[in-house]
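Okay, here's what each chain looks like letter by letter:
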Amino acid sequence: MLNQVSLFAENTKGGLFRVTSILKKANINIYTMLANDSAEYGIVRLVVDKAEVAIEALRAEGFQCRQDKVIAVEMNDTPGYLDGILAALNNANIDISYLYISFNRETVKPVVVFKTTEPETATFLIGRGYNLIESF
């Protein structure tokens, strides 16, 4: 499983720039990032090279953040591959809280990153032959 940093960021001009600037100053490499907005605040989810250092740097600048475990599954770049993963999870009654797509820098293959509260999801997917990755 991967460590993901989740934080609340003010939904204002320059809000994301502030986040990336803090991470740049702390020499953090961002592998993937997802920003969702709402009226006043958005949730920013990041997979970075040093999650603990990122959290420390962001908290020092006043951000509320936490570390979560997420699952990353490398996919074949073919129609329906993601559907197959989601079908397997659905058939096993495994709930997905959210997901986003990124890519593996080493293999240049797409990667689905998702959060679930089901503790055996990673083992289930490995048993079905899916390739889980631990880094980008």
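The structure we're discussing is the one just above.
The structure reproduced in this document is the subject of the present report. (Residues numbered from 1 in each chain as written. Predicted model: local features only at pLDDT ≥ 70, side-chain atom pairs only at ≥ 80, totals over all residues. Heavy atoms only, no water.)

Each regular strand displays side chains that alternate between the two surfaces of the sheet. Where strand β5 (residues 98-104) meets strand β6 (residues 109-115), seven bridges bridge the pair, whose relative direction is antiparallel. Bridging from a neighbouring strand, I101 pairs with V112 of β6. Following β5, the chain reverses through four residues before pairing antiparallel with β6; V108 in that reversal takes a positive phi of roughly 55°. (Pairing = 2+ DSSP bridges. Helix = DSSP H or I, 4+ residues; strand = E, 2+ residues; numbered from the N terminus.)

What follows concerns a nonpolar patch on the surface. There is a patch of nonpolar side chains on the surface, built from F8, Y41 and I43 and spanning about 280 Å² of accessible area. Within the fold, I43 resides in strand β3 (residues 41-48). We classify I43 as partly exposed; its relative accessible area is 31%. (Patch = residues over 30% accessible without salt bridge, like charges linked within 9 Å, V, L, I, M, F, W, Y side chains within 5 Å. Areas by Shrake-Rupley, 256 points an atom, 1.4 Å probe, with all protein chains shown as cover. Salt bridge = Lys/Arg side-chain N within 4 Å of Asp/Glu carboxyl O. Buried < 20%, exposed > 50% of the residue type's maximum accessible area, 1.4 Å probe, protein only.)

By size, the foremost hydrophobic cluster in this structure holds 17 residues, and its most contacted members are V5, L7 and L58. If you list the elements that add at least two residues to this core, you get β1 (2-10), α1 (15-25), β3 and α2 (51-60). When residues of this core are assigned to their parent elements, the largest contribution, five residues, is made by α2. Setting aside residues no more than four positions away along its own chain, V5 makes contact with V44, R45, L46, V48, A51, A54, I55, L58, C65 and R66. (Core = buried A, V, L, I, M, F, W, Y, C linked by side-chain atoms within 4.5 Å. Contact = heavy atoms within 4.5 Å.)

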